[in-house]
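These are the residues of each chain, in order.
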Amino acid sequence: MDNRQAIGSWLSGPRAAMEEAGADFGYRGEQLGLPEDGPGSIARPGRRLGALAVDWGLCLLIAYGLITDGYGQATSNWALSIFFLMSVLTVGTLGFTPGKRLFGLRVLALETGTVNPLRALLRTVLLCVALPALIWDRDGRGLHDRLAKTVEVRI
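About the thresholds
Residues numbered from 1 in each chain as written. Predicted model: local features only at pLDDT ≥ 70, side-chain atom pairs only at ≥ 80, totals over all residues. Heavy atoms only, no water. Axes fitted to C-alpha atoms, helices over the stretch in contact; angles between N-to-C directions. Helix = DSSP H or I, 4+ residues; strand = E, 2+ residues; numbered from the N terminus. Parallel < 35°, antiparallel > 145°, perpendicular 65-115°, else oblique. Left-handed = near helix turned anticlockwise from the far one by under 90°. Contact = heavy atoms within 4.5 Å. Nonpolar A, V, L, I, M, F, W, Y, C, P; charged D, E, K, R; others polar. Salt bridge = Lys/Arg side-chain N within 4 Å of Asp/Glu carboxyl O. Buried < 20%, exposed > 50% of the residue type's maximum accessible area, 1.4 Å probe, protein only. Core = buried A, V, L, I, M, F, W, Y, C linked by side-chain atoms within 4.5 Å.

Chemist: So, the packing of helix 3 (residues 45-68) against helix 4 (residues 73-93): which residues are in play, and what are the values?
Modeler: Running from N to C, helix 3 and helix 4 point in directions that differ by 120°, and their axes come no closer than 8 Å. Judged by the inter-axis angle, helix 3 sits oblique to helix 4. At the point where helix 3 passes helix 4, the crossing takes the right-handed sense. Here L52, D55, W56, L58, C59, L60, I62, A63, Y64, I67 and T68 of helix 3 come into contact with helix 4, specifically with A74, T75, S76, W78, A79, L80, I82, F83 and M86. When its residues are assigned to classes, the contact of helix 3 with helix 4 shows 16 nonpolar, 3 polar and 1 charged.

Okay, here's the thing in structure tokens:
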């Protein structure tokens, strides 16, 4: 193996090196029976982060303007509480938050296709802890989605 190939495989990551060696991982969501792209496919990280930023901004705006009348530690705490409540209520009933709807995303349960309030509660608790959302599987689902048996897809 040439040094350039060794460095190239290191830079592109272990998945690319395994694919070059002949392993077939398929596309994200294939194991879940979802399409590769278009409506119903796994939501990409950029859209998910954009939706999260919109939701968090909305919660900060509500906390700043209606509850604390100024920015401080209390505003962040209230924003997290509002985010928790908004996520549980909207994902548990509609399947999306305002930010997810703006970015064309929806949360679905793997078995039924709709998210019941208990799954939404578990998913939101883990999302607010933040660490489970930073651990992803090969399909691009966060640990909070895996434990709640949900998936975030494009509309």
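Chemist: Tell me about the pattern of salt bridges, and please be specific about residues and values.
Modeler: The full count for this structure, using the stated rule, is 8 salt bridges. In this structure, R48 engages E152 in a salt bridge whose closest nitrogen and oxygen atoms are separated by 3.2 Å. Placement of the pair is R48 in helix 3 and E152 in strand 2 (residues 150-154), with a sequence separation of 104 residues. Exposure remark for E152: the relative accessible area of 2% places this residue in the buried category. Because the salt bridges share partners, they merge into one network encompassing R48, K100, R123, D145 and E152.

Chemist: Account for the nonpolar core, naming residues and giving values.
Modeler: With 8 residues, the main nonpolar core is built from C59, A63, A79, I82, F83, M86, L127 and A133. For this core, the secondary structure elements donating two or more residues are helix 3 and helix 4. Residue contributions to this core peak at 4 residues, all from helix 4. Contact partners of I82, with chain neighbours within four places excluded, come to C59, I62, A63 and I67.

These values are about where atoms sit, not about what they do.
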